[in-house]
Amino acid sequence: MTQRFEGATCLVTGGGGGIGAGTAKLLAAEGAHVIVADLSLERAREVAAEIKAMGHAASAHSVDVTSEASVAQLVDESWRENGPVTMVVTCAGIIKIQPFLDLPEADWDRTLDVNLKGTFLVLQGVARRLVREGLQGRMVAVSSVAGRGPRADVADYAASKAGVISVVRSAAMALAKYGMRVNAVCPGVVATEMTYAIQRMRAEDSGGDPDEMLAGAVAGIPIGRIETPEDVARAIAFLLSEEAGYVTGQALNVCGGLEFD
Ligand code: NAP
């Protein structure tokens, strides 16, 4: 394994989830000290323990990305315990299947809070500290192919993920002069609990079978298999690496050919 991130500290929010954990493990294997941050401290600790058992460096923190105070506390504690955090990956996210006509205001607000405001607060919180200390950084936010187009039964989620692409572009423009790069990835159908939950919700609504519905979704992927967290993690690692040193403000589809725009 190459050691592209030797000596760097990377914060991964939503690090207790599927894509977050896969990303944390890959970055740790490539030399980074990874701070696994999640709403569930227990889950963050489990992932950090797995990384340490593999002989790499990690620590665990709880964070609610919808709260500026919680994000500020995470940034302060991370710096105090591990030194400058020069890489960030925002993976925290939620989704709930609901037809457009039935989508309640409270659920719209919650999805936008976690997925969009949460991404903004984490990018801003780390960037403020880096600028204050005169340090450069690299950031990747996890958007989705759902941010590229309409979704009839997850209008809130699609809007939040389109918003993530917009925030990433604005952050890239604002922070380039400080030597920071900010990009997004747009995964497709990834083998994580979020995807299994989506299939269960859709099956419940339609009376179908969740496994068959997932198989149908996977059959529509040109590459012909479900995406793994490692597929996403490798693209994130590329965007964080020096190999992407001239790439900023971009949203990279990592979706097996599901989406082209
Ligand atoms: P996941 O396994 O459900 O992970 C999401 C993680 O975010 C969970 O650990 C969750 O914690 C955490 N989280 C939720 N609310 C939070 C908050 N307020 N503060 C901090 N952490 C919070 O889902 P995933 O598939 O890995 O998704 C990761 C990201 O990829 C999400 O942004 C998702 O939208 C995006 N994505 C996923 C897919 C896919 O097919 N799975 C496709 C495209 C994009 P709890 O479990 O404790 O709530």
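Remember, predicted model here, so these are calculated numbers, not experimental data.

## Considerations on the overall build of the protein chain
In terms of regular secondary structure, the protein chain is built from 8 helices and 7 strands. C-alpha atoms of the protein chain, sized along the principal axes, occupy 55 × 35 × 35 Å. A total of 261 residues make up the protein chain; the buried ones form 52% of that total. In the protein chain, the share of contacts with a sequence separation of at least 24, taken over all contacts with a separation of at least 6, comes to 72%. On the protein chain, roughly 11,800 Å² of surface is accessible, and the fraction owed to carbon and sulfur atoms is 54%. Mean positive and mean negative side-chain charge positions of the protein chain (23 and 32 charges, respectively) differ by 7 Å.

## As for the site of the ligand
Around the ligand there are 28 residues in total, and Ile19, Asp38, Tyr157, Lys161 and Thr192 lie nearest to it. Within the side chain of aspartate 64, one N or O atom sits 3.0 Å away from a nitrogen atom of the ligand. In isolation the ligand has 890 Å² of accessible area, and contact with the protein removes 87% of it. Residue composition of the shell around the ligand, by class: 14 nonpolar, 11 polar and 3 charged. There are two domains that each give the shell around the ligand at least three residues, and those are domain 1 (9-187 + 228-254) and domain 2 (189-226).

## A short note on the domain arrangement of the protein chain
Once the domains are mapped, the protein chain shows domain 1 (9-187 + 228-254) and domain 2 (189-226). Centre-to-centre separation of domain 1 and domain 2, based on C-alpha positions: 24 Å. Taken together, the contact between domain 1 and domain 2 spans 14 residues of the former and 11 residues of the latter. Contact with domain 2 buries surface across domain 1, with Ile95, Ile97 and Thr228 losing the most and accounting together for 48% of the total. Remark: the boundary between domain 1 and domain 2 carries 2 salt bridges. The partner of arginine 225 in a salt bridge is aspartate 231, with the nearest N and O atoms 2.7 Å apart. Here domain 1 is connected to domain 2 by 2 residue pairs in polar contact (both at pLDDT 80 or more).

## Notes on the layout of surface pockets
As a volume, the largest pocket reaches approximately 970 Å³. Lining the largest pocket are 41 residues; nearest its centre among them are Gly93, Ile95, Tyr157, Thr192 and Met194. Of all the secondary structure elements, the ones that give two or more residues to the lining of the largest pocket are helix 1 (18-29), helix 4 (105-132), helix 5 (155-175) and helix 6 (193-206). Ranked by residues supplied to the lining of the largest pocket, first place goes to helix 6 with 6 residues. Looking at the lining of the largest pocket, its residues break down into 21 nonpolar, 12 polar and 8 charged.

## Observations regarding the environment of alanine 29
Along the chain, alanine 29 falls in helix 1. Considered as a pair, alanine 29 and aspartate 261 are 232 residues apart in the sequence and their alpha carbons are 32 Å apart. Excluding its chain neighbours within four sequence positions, the residues that come into contact with alanine 29 are Met1, Thr2, Gln3 and His56.

## Description of the pairing of strand 2 (residues 33-38)
The buried count for strand 2 comes to 6 of 6 residues, which makes it a mostly enclosed element. The alternating pattern of strand 2 places His33, Ile35 and Ala37 and Val34, Val36 and Asp38 on opposite faces, both of which are buried. Alignment of strand 1 (residues 9-13) against strand 2, held across 5 bridges, turns out to be parallel. What sits directly across from threonine 13, in strand 2, is alanine 37. Once the chain exits strand 1 it traverses helix 1 before rejoining the sheet at strand 2, and the crossover so formed is right-handed. Bridge count between strand 2 and strand 3 (residues 58-62): 5 bridges; the pairing is parallel. Within strand 3, the position partnered with valine 34 by the bridge is alanine 58. Crossover connection from strand 2 via helix 2 (residues 41-53) to parallel strand 3: handedness right-handed.

## A look at the packing of helix 1 against helix 2
How two helices sit against one another is set out by the angle between their axes and by the gap between those axes. Running from N to C, helix 1 and helix 2 cross one another at 30 degrees; their axes reach a closest spacing of 10 Å. Taken together, the axis directions place helix 1 and helix 2 in an arrangement best described as roughly parallel. Considering the relative orientation of helix 1 and helix 2, their crossing is right-handed. Along its contact with helix 1, which presents Ala21, Ala24, Lys25 and Ala28, the element helix 2 presents Val47, Glu50 and Ile51. Taken together, the residues of the contact of helix 1 with helix 2 sort by class into 5 nonpolar, no polar and 2 charged.

Conventions and cut-offs
Residues numbered from 1 in each chain as written. Predicted model: local features only at pLDDT ≥ 70, side-chain atom pairs only at ≥ 80, totals over all residues. Heavy atoms only, no water. Helix = DSSP H or I, 4+ residues; strand = E, 2+ residues; numbered from the N terminus. Buried < 20%, exposed > 50% of the residue type's maximum accessible area, 1.4 Å probe, protein only. Contact = heavy atoms within 4.5 Å. Areas by Shrake-Rupley, 256 points an atom, 1.4 Å probe, with all protein chains shown as cover. Lys, Arg positive; Asp, Glu negative; His and termini not counted. Charge placed at Lys NZ, Arg CZ, Asp CG, Glu CD. Near = heavy atom within 4 Å. Polar contact = N/O pair within 3.5 Å; in protein donor to acceptor, adjacent residues only side chain to side chain. Nonpolar A, V, L, I, M, F, W, Y, C, P; charged D, E, K, R; others polar. Domains from an automatic or database assignment. Buried area = accessible area lost by both parts, 1.4 Å probe. Salt bridge = Lys/Arg side-chain N within 4 Å of Asp/Glu carboxyl O. 1 Å grid on protein atoms, 1.4 Å probe; cavity = no way out; pocket = protein on both sides within 12 Å on 5 of 7 lines; lining within 4 Å. Points joined across faces, edges and corners; volume = space filled by probe spheres on them. Pairing = 2+ DSSP bridges. Right-handed = clockwise from strand over helix to strand, strands pointing away. Axes fitted to C-alpha atoms, helices over the stretch in contact; angles between N-to-C directions. Parallel < 35°, antiparallel > 145°, perpendicular 65-115°, else oblique. Left-handed = near helix turned anticlockwise from the far one by under 90°.

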